[in-house]
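A closer look at the structure
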Amino acid sequence: MTSAPNAASAPPVLELTRLTRRYGSLVAVDDVSLRLPAGARHAVIGPNGAGKTTLLNLIAGTDRPDHGTIALEGADITRAATAKRSRLGMARSFQQPAVMGDLTVLENIVLAGWPHHPKRRGAWRSPSRYRQHTESAGRHLEAVGLADVAHRPASTLSHGRRRMLDLAAALAGDPRLLLLDEPAAGLTDADIGRLLGILGGLPESVAVILVEHHVDVVAHLATTTTVLVAGRVLVTGPTQEVLAHPEVRDAYHHTGTAPSAAPTETRG
């Protein structure tokens, strides 16, 4: 199984070539190659311990590969620092929302978007420039349904709203590549619906890599899916075909795990 022909022929936003990461005798990511065209909606799934989060860490730069290369829009970023990857247009959300509880919700987004704003220099001393920052941050909060709590401390938000804040922070730099690490984990039905609406409304210019256990979320968002098992690519292809693939079902069966459905009841 391979990616759809039109995806394979498009200029890649991200290209991984034979990426490998070892921790002693454990090979967490084993010879993984992946190619994402502009606007891709690509899921990475697999049983627990398959190497999914390690793969995201390698792409984001919080971990380093032992072998292989990472290219972002043709530029080799294999050894680039996370800050440089961010400046080049990469952003990430985390399994545990990375918010600053002592700051307000709005201040979290202002801070996240600051390095990417064209008029960031001297903005603290310029009321008009700072207003541009806050207005931009406010638009991101409105997009994720947090405008009503903009001036509340981030520490007061529920888990679901913290996840929305983490996503807004990732989007504040207008990324070209967005890495999402289990964005639906722990969310209610209502929160998942909001998440799907936000991600479904992303511009086509933004490519997305999604690591997610909720099969309904993967089926809704991803056009292409890669399955990792023990760090290696088992199969890559159109999402519906991959989810129905016998080898994929067998891989989950033998590890005692399975991709989960989204919650069926709304929890408070």
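Whatever comes next refers back to the structure up there.
Residues numbered from 1 in each chain as written. Predicted model: local features only at pLDDT ≥ 70, side-chain atom pairs only at ≥ 80, totals over all residues. Heavy atoms only, no water.

**Section: the pairing of strand β7 (residues 177-181)**
To keep it simple, the criterion reads: Type-normalised accessible area, obtained with a 1.4 Å probe on protein chains alone, sets the label of each residue: buried when under 20%, exposed when over 50%, and partly exposed for intermediate values. Helix numbering and strand numbering both begin at the N terminus, where a helix is a DSSP run of H or I of at least 4 residues and a strand a DSSP run of E of at least 2. A clockwise course of the path from the first strand over the helix to the second, judged with the strands pointing away from the viewer, identifies a crossover as right-handed.
In terms of residue burial, β7 counts as a mostly covered element, since 5 of its 5 residues are buried. Alternating positions in β7 separate into two faces, Leu177, Leu179 and Asp181 on one and Leu178 and Leu180 on the other, with burial throughout. In this fold, β7 hands off to helix α7 (residues 189-200), which returns the chain to strand β8 (residues 207-211); that crossover is right-handed.

**Section: the layout of surface pockets**
The condition is simple: Cavities and pockets are found on a 1 Å grid laid over the protein atoms alone: a cavity is a set of points where a 1.4 Å probe fits but cannot escape, a pocket is an open set with protein on both sides within 12 Å along at least five of seven lines, and a lining residue has an atom within 4 Å of such a point. Grid points are joined across faces, edges and corners, and a volume is the space filled by probe spheres set on the points. Residue polarity follows a fixed list, in which Ala, Val, Leu, Ile, Met, Phe, Trp, Tyr, Cys and Pro are nonpolar, Asp, Glu, Lys and Arg are charged, and the others, Gly among them, are polar.
A volume near 730 Å³ is recorded for the largest pocket. Of all elements in the fold, only α3 (82-87), β6 (90-93), α4 (105-113) and α6 (159-171) reach the threshold of two or more residues within the lining of the largest pocket. Top element by residues in the lining of the largest pocket is α3. It accounts for 5 residues. In the lining of the largest pocket, the residues fall into 18 nonpolar, 7 polar and 4 charged.

**Some remarks on the sheet that holds strand β10 (residues 232-238)**
By definition, the strands of a sheet pair up through backbone hydrogen bonds, in either a parallel or an antiparallel sense. As a reminder of what qualifies: Note on pairing: DSSP must find at least two bridges between two strands before they are called paired. Structural elements are reduced to axes, namely lines fitted to C-alpha atoms, with helices fitted over the stretch in contact, and the angle between N-to-C directions of any two is expressed from 0 to 180 degrees. Any two residues whose heavy atoms approach within 4.5 Å are treated as being in contact.
The strand order across the open sheet built from 6 strands is β6-β7-β8-β3-β9-β10, with neighbouring strands paired in mixed fashion. The sheet is open, and its two edges are formed by β6 and β10, each paired on a single side. On average, adjacent strands in this sheet sit at an angle of 15° to one another, irrespective of strand direction. For β7 and β8, the ladder comprises 5 bridges, and the chain directions are parallel. When the bridges of β8 are listed, Asp181 appears paired with Val211. Against the sheet, α6 makes contact with β6 and β7, and its axis sits at roughly 160° relative to β7, the strand it touches most.

**Quick word on the nonpolar core**
Quick reminder of the rule: In plain words, nonpolar cores are sets of buried Ala, Val, Leu, Ile, Met, Phe, Trp, Tyr and Cys residues tied together by side-chain atoms within 4.5 Å.
Judged by nonpolar contacts, the single largest core of 46 residues is most densely connected at Leu141, Leu146, Leu165, Leu167, Leu178, Leu199 and Leu210. Considering each element in turn, this core owes the most residues, 6 residues, to α6. In this structure Leu165 touches Val99, Val105, Asn108, Ile109, Leu141, Leu146, Ala154 and Leu157, once residues within four positions along its chain are discounted. In this structure, Ala50, Leu55, Leu58 and Leu177 belong to the second largest nonpolar core, which totals 27 residues.

**Section: the pairing of β8**
Where burial is concerned, most of β8 is hidden: 5 out of the 5 residues are buried. Neither face of β8 is left uncovered, since the one carrying Ala207, Ile209 and Val211 and the one carrying Val208 and Leu210 both have all their residues buried. Across 4 bridges, strand β3 (residues 41-45) lies against β8 in parallel orientation. Bridged to His42 within β8 is Ile209.

**Examining helix α2 (residues 52-60)**
Across the 9 residues of α2, 8 count as buried, placing the element largely inside the fold. Burial in α2 covers these residues: Lys52, Thr54, Leu55, Leu56, Asn57, Leu58, Ile59 and Ala60. Downstream of α2 by a residue or two, Gly61 has a phi angle that is positive, lying close to 95°.

**Observations concerning the sheet that holds strand β1 (residues 12-23)**
Across the sheet, 4 strands lie side by side as β2-β1-β4-β5; this open sheet has antiparallel pairing. Unpaired on one side and paired on the other, β2 (26-37) and β5 (75-76) mark the two borders of the sheet. Relative to β2, β1 runs antiparallel, the two sharing 8 bridges. Bridged to Leu19 within β2 is Val32. Against the sheet, α2 makes contact with β1, β2 and β4 (67-72), and its axis sits at roughly 120° relative to β1, the strand it touches most.

**A closer look at the pattern of salt bridges**
Heads up, the condition is: Each reported salt bridge corresponds to a side-chain nitrogen of Lys or Arg within 4 Å of a carboxyl oxygen of Asp or Glu.
In the structure shown here, the tally under the stated rule is 9 salt bridges. The partner of Asp30 in a salt bridge is Arg232, with the nearest N and O atoms 3.2 Å apart. Highlighted residues: Asp30 in strand β2 and Arg232 in strand β10, separated in sequence by 202 residues. Two residues, Asp191 and Arg194, come together in a salt bridge whose shortest N-O distance is 3.0 Å. One end of the pair, Asp191, and the other, Arg194, are both in helix α7, 3 residues apart, so they sit about a helical turn from each other.

**Comments concerning empty space enclosed by the protein**
Within this structure, the stated rule accounts for 2 cavities of 30 Å³ or more. By volume, the largest cavity is sized at about 50 Å³. Lining the largest cavity are Ser93, Arg163, Asp166, Leu167, Leu180, Pro183 and Leu195. Ranked by residues supplied to the lining of the largest cavity, first place goes to α6 with 3 residues. When grouped by side-chain class, the residues that make up the lining of the largest cavity number 4 nonpolar, 1 polar and 2 charged. In this structure, the second largest cavity encloses a volume near 30 Å³. Along its surface, the second largest cavity is lined by Val32, Ser33, Leu34, Val44, Leu55, Thr226, Leu228 and Val233. For the lining of the second largest cavity, the element with the most residues is β2, which contributes 3 residues.

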